[in-house]
Amino acid sequence: MSVPELHIISTGKQQITKFVEIASEIHEYIDFIHLREKHMSAAQLYQAVTLLCERNIPLSKIIVNDRVDVAWSQQAYGVQLAFHSLDVSVVKQAFPGIRVGRSIHSFDEAQTVFEKGADFAIYGHVFPTNSKSGLPPKGVEELKEITMNMKLPIIAIGGITPSNSELLINAGAKGIAVMSGVLDAKSPVQAVKEYCRSLGKGR
Ligand SMILES: Cc1nc(C(=O)O)sc1CCOP(=O)(O)O
């Protein structure tokens, strides 16, 4: 089994300069940084990627939410699509070579996006989280079903802490995605190190 991936997702609530500051402190410990700033224009997102690059964060670690035009023009690692985004197959055809992730919430959705050629999917929310209050968490059973039946790399998301992350890896997840556990922490660096330890990551 390969070393699990650690993805950090921007909250959309921090000043972008603050997020860039934190990202520059934690990037060497993590695999991917997602820019999920739904309120930003394409121009603002493009600028945010530039700011990350100026802090020596490699493009190979940057994933842009929804806006494939921004991801493509900045030559970022990939784009993370949601239900309201362009379809996975449209993006794969129009932007050959870009890695395409898709948010999913069920086995059937996993199957659909796998068939359309998604490179990975983010499945959640697995545990209770303030970001999805009022919606019941999905737990790990369906996650196991997906990982056992499909060759689609799955990143688990939602309410993940250093103490519950191992459950998800044992359920077949290729990695975890974390928002508040790192970005709202008093010390994001300490927090990220705890996640790394829980995943058996080297640093
Ligand atoms: C951005 C996002 N997507 C989810 C989904 O279920 O698709 S849960 C989520 C937020 C995750 O935040 P935290 O790590 O603070 O729980």
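What comes next is a walk through the structure. Small disclaimer: the values here were computed from a predicted structure and weren't measured. (Residues numbered from 1 in each chain as written. Predicted model: local features only at pLDDT ≥ 70, side-chain atom pairs only at ≥ 80, totals over all residues. Heavy atoms only, no water.)

**As for the side chain of Ser10**
As for its placement among the helices and strands, Ser10 is situated in the loop between strand E1 (5–9) and helix H1 (16–26). Here the side chain of Ser10 touches Arg36 through a polar contact of 2.8 Å, landing on its backbone nitrogen. Aside from chain neighbours lying at most four places away, what touches Ser10 is Phe19, His34, Leu35, Arg36, Glu37, Met179 and Leu183. (Helix = DSSP H or I, 4+ residues; strand = E, 2+ residues; numbered from the N terminus. Polar contact = N/O pair within 3.5 Å; in protein donor to acceptor, adjacent residues only side chain to side chain. Contact = heavy atoms within 4.5 Å.)

**A look at unusual backbone geometry**
In this chain, Gly124 is followed by His125 through a cis amide linkage whose omega measures -5 degrees. A positive phi angle, near 65 degrees, is found at Asn56, a position not held by glycine. With respect to the helices and strands, Asn56 occurs in the loop between helix H2 (42–54) and strand E3 (62–65). Exposure remark for Asn56: the relative accessible area of 63% places this residue in the exposed category. Despite not being glycine, Asp66 has its phi angle at roughly 70 degrees, a positive value. The residue Asp66 is located in the loop between E3 and helix H3 (68–74) in this model. (Buried < 20%, exposed > 50% of the residue type's maximum accessible area, 1.4 Å probe, protein only.)

**Quick look at the pattern of salt bridges**
Within this structure, the stated rule accounts for eight salt bridges. Residue Arg67 is joined to Asp69 by a salt bridge in which the shortest nitrogen-to-oxygen separation is 2.7 Å. Its relative accessible area of 34% is what places Asp69 among the partly exposed residues. Note that Lys92 and Asp119 form a salt bridge whose closest N and O atoms lie 2.8 Å from each other. Placement of Lys92 in helix H4 (residues 88–94) and of Asp119 in the loop between helix H5 (107–115) and strand E6 (120–124) is noted, with a sequence separation of 27 residues between them. (Salt bridge = Lys/Arg side-chain N within 4 Å of Asp/Glu carboxyl O.)

**What to know about the site of the ligand**
Taken together, 13 residues form the shell around the ligand, and within it His125, Thr129, Gly159, Met179 and Ser180 come nearest. Here an oxygen atom of the ligand and a side-chain polar atom of Thr129 are 2.7 Å apart. Within the side chain of Ser131, an N or O atom sits 3.4 Å from an oxygen atom of the ligand. In isolation the ligand offers 430 Å² of accessible surface; the protein chains occlude 95% of this area. For the shell around the ligand, the per-class residue count stands at three nonpolar, eight polar and two charged. (Near = heavy atom within 4 Å. Areas by Shrake-Rupley, 256 points an atom, 1.4 Å probe, with all protein chains shown as cover. Nonpolar A, V, L, I, M, F, W, Y, C, P; charged D, E, K, R; others polar.)

**Here we look at the packing of aromatic side chains**
Evaluation of the coordinates by the stated rule reveals two aromatic pairs. Where Phe32 meets Tyr77, the ring centres are 4.6 Å apart and the plane angle is 45 degrees; that geometry is what we call tilted. Of this pair, Phe32 sits in strand E2 (residues 32–35) while Tyr77 sits in the loop between H3 and strand E4 (78–81), and the two are 45 residues apart along the sequence. We note Arg99 situated over the ring of Tyr77; from NZ or CZ to the ring centre the distance is 4.2 Å. (Phe/Tyr/Trp six-rings, centres within 6.5 Å; stacked < 30°, edge-to-face > 60°. Lys NZ or Arg CZ within 6 Å of the ring centre and 35° of its normal.)

Honestly, it's all geometry; don't read function into it.
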